Amino acid sequence: MKALKLTIRLGLVFLLFLTLSTQNPPTLVDLDSVNNPIGSKHILGTDRLGRDHLALLGFGILSAVLFSIPARFLTLSLSLLLASVPYHFFQKILSVFASVFLSIPSLLIALIALAILGEGMSSVIIALILSDWAVPWETYRTKVQEVSMAPFFKQSLMMGASPYFLFRFHIIPAMWSLSRFLFVTGIPGVIMSLALFSYLGVSFDSMGLGPGLGEQISFSKDTFSENSLSLLLPIAGIIVVIYSFSEGRKD
Amino acid sequence: MKNSIFRFLIFFLILSWIAFSLSSYRAQDQGYIFAETGNFESVPKQNLILGYLIFIKQLFWDWGGTTISGELVVPFLAERLIPTLALSTFALLFAILFGIFGAVLLASYQSNFSILIFRRFAELILATPIFIIGVMLLLVFFYQLEWLPPGGFSSPLHLILPGITLGSRIAARLFLFTSKEIEKERNSEYVFVLESRGMSEKFIFWRAILPKLQPLLSVMVLLELAGLLSGAMVVEELFFYPGIGKALYYSIRSMDLNLLAVSICYSGCVFYFLMEMGRYWNNRILGEGIEAHN
């Protein structure tokens with residue numbers, strides 16, 4: 001299983017290297033090369049606007065990963081910050097808000113936030129943070145409570161440790177390992193959300209990386225019989241990226 | 001009991017406030033919808049607290065107010081409840097059949113290779129976004145084979161594609177959980193004791209392992225139902241299915257303040273009630289009783 005995941009990850013890196021080396025931009029429309037099959041000039045062919053499939057796939061994967069990492073990082077940072085506030089009353093209020101946010105479908109919150117904030121990279125990241133902050137916050141709070149009830153913590157407290165000492169040497173190490181776990185396990189969900197947003201027409205192409213993988217699916221699904229690769233390649237791209245980031249069970 | 005009611009009231013207060021605030025912000029640009037007709041009237045900004053009180057009054061006394069098209073919101077949503085219930089039931093039955101019964105069947109035959117193959121398949125399903133599953137099913141069963149209709153809700157056949165799309169991820173989760181738990185129970189101490197007392201494999205599997213898993217699985221199924229009944233926006237939009245999810249998605253697109261706010265309240269309340277039922281059932285299973293729940 002580990003070998004398979006490593007192979008997939010290496011394959012993705014090779015694909016990105018190949019994409020960058022061919023120097024075909026994903027946004028270059030060439031109406032003289034519409035629906036080209038696999039060939040020497042376009043390794044995976046072209047779509048119905050003459051855009052190179054390899055470039056669309058490679059840059060689509062790159063944009064999904066590049067946007068998901070800061071989005072997840074910011075979500076966890078906000079959740080950690082909120083969980084670290086030491087006031088009990090504040091945490092009680094936040095727990096009610098968290099239960100409300102958890103009861104509303106996260107996609108609904110994200111779509112409403114996107115509709116209010118408009119299109120763009122920052123709107124997408126804010127929407128992802130708003131839809132996703134509650135679960136990590138609850139996890140961090142539970143961890144803080146677990147550590148503060150632990151015998152070693154109570155012993156430190158009884159021996160006169162300062163709040164800074166307790167925070168620095170007990171709470172932070174526990175949060176650090178938990179954050180690493182939450183970061184890695186949360187990336188697939190963020191990539192799925194980004195693919196869904198681009199499928200639903202939310203555009204966030206701000207760095208010339210071309211249409212997202214979801215947008216490519218939405219664009220190609222009606223012309224499957226003329227050019228099946230236009231649909232199958234972004235589908236395979238999304239599945240492979242999510243699978244490569246997911247933490248599988250040990251068999 | 002009093003504690004539960006008080007908790008729900010606080011929850012509903014915050015939920016309705018958030019629902020109203022989000023809908024108000026969304027509906028601020030409502031005037032632009034009719035701008036092309038030259039009938040542009042911007043929505044007057046109202047005091048948020050006053051607007052919230054009006055919203056609560058409309059919710060309980062005026063059937064949730066009216067939608068943009070002039071229909072009463074609560075009856076509008078109630079019409080869509082039957083299709084949503086039908087779709088949720090189909091998706092859940094599909095998930096239970098292939099997720100739980102599938103895992104039980106494979107485990108009873110102790111075919112490790114088959115279990116491994118199906119686990120990988122389940123992981124693949126979980127790595128696939130739901131809209132991709134829907135698009136693939138449409139391409140195969142509607143576009144290529146023309147066996148099933150692509151959308152709508154006029155016959156039981158219309159339930160199949162959206163039901164399988166919704167149920168596939170739930171089936172994958174249930175399959176992975178069930179097969180993992182069966183394997184864990186098989187390697188546990190008490191099964192070793194039963195084996196050393198001469199009980200047959202079949203007896204241990206059907207009379208000892210499975211009854212132990214059944215309460216956990218029923219809680220999981222209840223929690224999945226909560227997610228389904230809150231509205232499957234993407235699937236209903238993809239298959240033109242006239243359920244609550246499609247109404248939700250439409251309300252966001254059309255900036256319909258009343259419909260959006262009431263829909264968010266509905267989703268939140270359904271999820272809350274089913275989660276509380278799941279928690280209560282879980283506490284009963286653990287033998288902690290109603291006192292622990294309160």
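Notes on the structure in this doc start here. One numbering rule holds for all chains: residues counted from 1, following each sequence as written. Lettering for chains starts from A, numbering for ligands starts from 1, and both go in the order in which the items are written. Reporting of local features is limited, given that this is a predicted model, to residues whose pLDDT is at least 70; pairs of side-chain atoms are given and counted only at 80 or more, and all residues count toward the totals for whole chains, interfaces and linings. Side-chain descriptors were evaluated using all non-hydrogen atoms of the structure, hydrogens and water having been removed beforehand.

## Considering the layout of surface pockets
If you add up the space inside the second largest pocket, you get close to 880 Å³. Helix and strand assignments follow DSSP, with helices taken as H or I runs no shorter than four residues and strands as E runs no shorter than two, numbered in order from the N terminus. Those elements giving two or more residues to the lining of the second largest pocket turn out to be helix 3 (88-103) and helix 6 (134-148) of chain A together with helix 1 (2-26), helix 12 (257-285) and helix 13 (289-293) of chain B. A per-element tally of the lining of the second largest pocket places helix 3 of chain A first, with 10 residues. Within this scheme a cavity is a closed region of a 1 Å grid, computed over the protein atoms alone, that accommodates a 1.4 Å probe without allowing it to escape, whereas a pocket is open but has protein on both sides within 12 Å along at least five of seven lines; lining residues each have an atom within 4 Å of a point. Grid points are joined across faces, edges and corners, and a volume is the space filled by probe spheres set on the points.

## Re the packing of aromatic side chains
What counts as a ring pair is set by centres within 6.5 Å for rings of Phe, Tyr and Trp (its six-membered ring), and what kind of pair is set by the plane angle: stacked under 30 degrees, edge-to-face over 60, tilted for all other angles. In total, this model carries 20 aromatic pairs over all chains according to the counting rule given. Each residue in the set Phe8, Phe11, Phe12, Phe60, Trp61, Tyr272 and Phe273 of chain B is aromatic and connected to the rest through ring pairs, giving one cluster. Whether a charge sits over a ring comes down to the Lys NZ or Arg CZ being within 6 Å of the ring centre and within 35 degrees of the ring normal. Positioned above the aromatic ring of Tyr243 of chain A is the side chain of Lys5 of chain A, whose terminal nitrogen or guanidinium carbon lies 5.1 Å from the ring centre.

## Description of the environment of Gly65 of chain B
Residues and elements named next belong to chain B. Within the element layout of this structure, Gly65 appears in the loop between helix 2 (48-61) and helix 3 (73-79). Since its relative accessible area comes to 5%, Gly65 is described here as buried. Taking C-alpha positions, Gly65 is 6.2 Å from Asn258, a pair spaced 193 residues apart along the chain. Every residue pair with non-hydrogen atoms within 4.5 Å of one another is taken to be in contact. Those residues within four positions of Gly65 in sequence are excluded, and the remaining contacts are Gln58, Glu71, Leu72, Val73 and Asn258. Accessible area is worked out with a 1.4 Å probe on protein chains only. A residue is then buried under 20% of its type maximum, exposed over 50%, and partly exposed in between.

## Section: helix 3 of chain A
One less than the number of residues in a helix, times 1.5 Å, gives the span that helix is expected to have. Taking 1.5 Å of rise per residue, the 16 residues of helix 3 of chain A would be expected to cover 22 Å, and the 23 Å separating its terminal C-alpha atoms lies within 8% of that figure. Gln91, Leu94, Ala98, Val100, Phe101 and Ser103 of chain A are the residues of helix 3 of chain A that are buried. Residues of helix 3 of chain A that are buried make contact with helix 2 (53-84), helix 4 (106-117), helix 5 (121-132) and helix 6 of chain A together with helix 1 and helix 12 of chain B.

## A short note on the interface of chain B and chain A
The interface is formed by 40 residues belonging to chain B together with 35 residues belonging to chain A. The quantity reported as buried area is the accessible area (1.4 Å probe) lost by two parts once they are put together, taken as the sum for both. Of the roughly 3400 Å² buried between chain B and chain A on both sides combined, carbon and sulfur atoms contribute 80%. We define a salt bridge as a side-chain nitrogen of Lys or Arg found within 4 Å of a carboxyl oxygen belonging to Asp or Glu. The tally of links from chain B across to chain A stands at 0 salt bridges. In protein, a polar contact means a hydrogen-donor-capable atom and an acceptor-capable atom, both N or O and within 3.5 Å, with residues adjacent in sequence counting only if both atoms are side-chain atoms; elsewhere, any N or O pair within 3.5 Å suffices. Joining chain B to chain A, the criterion identifies 2 residue pairs in polar contact (both at pLDDT 80 or more). When residues of the side of chain B that touches chain A are traced back to their parent elements, those giving at least two are helix 1, helix 5 (112-126), helix 6 (130-144), helix 7 (160-186), helix 10 (233-238), helix 11 (244-253) and helix 12 of chain B. A total of 8 residues in the side of chain B that touches chain A trace back to one element, the largest contributor, which is helix 1 of chain B. Residues that form the side of chain B that touches chain A fall into these classes: 27 nonpolar, 5 polar and 8 charged. Think of it as three bins: nonpolar holds Ala, Val, Leu, Ile, Met, Phe, Trp, Tyr, Cys and Pro, charged holds Asp, Glu, Lys and Arg, and polar takes everything else, Gly as well.

## Some words on the packing of helix 4 of chain A against helix 11 of chain B
Following both chains from N to C, one finds helix 4 of chain A and helix 11 of chain B inclined at 15°, their axes separated by 10 Å at the closest point. By the criterion of interaxial angle, the relationship of helix 4 of chain A to helix 11 of chain B is roughly parallel. At the point where helix 4 of chain A passes helix 11 of chain B, the crossing takes the right-handed sense. On helix 11 of chain B, the residues touching Leu108, Leu111, Ile112 and Ala115 of chain A of helix 4 of chain A are Leu248, Tyr249 and Ile252 of chain B. Partitioned by chemical class, the residues of the contact of helix 4 of chain A with helix 11 of chain B number 7 nonpolar, no polar and no charged. The convention used is that axes are lines fitted to C-alpha atoms, helices contributing only their stretch in contact, and that angles between N-to-C directions extend from 0 to 180 degrees. Here the angle decides the label: under 35 degrees means roughly parallel, over 145 means roughly antiparallel, 65 to 115 means roughly perpendicular, and every other value means oblique. Crossings are classed by handedness, with left-handed meaning an anticlockwise turn of the near helix from the far one by less than a right angle and right-handed meaning a clockwise turn.

## A word on a nonpolar patch on the surface
Only residues whose relative accessible area exceeds 30% and that take part in no salt bridge are eligible for patches, with like-charged residues grouped when within 9 Å of each other and nonpolar side chains (Val, Leu, Ile, Met, Phe, Trp, Tyr) grouped when within 5 Å. Surface accessibility follows the Shrake-Rupley procedure with a 1.4 Å probe radius. Residue values consider only the protein chains on display as shielding. Together, Ile116, Leu117, Ile126 and Leu130 of chain A together with Tyr25 of chain B line one region of the surface with nonpolar side chains, adding up to about 410 Å² of accessible area. Within the secondary structure, Ile126 of chain A is located in helix 5. The exposure class assigned to Ile126 of chain A is partly exposed, which follows from its relative accessible area of 39%.

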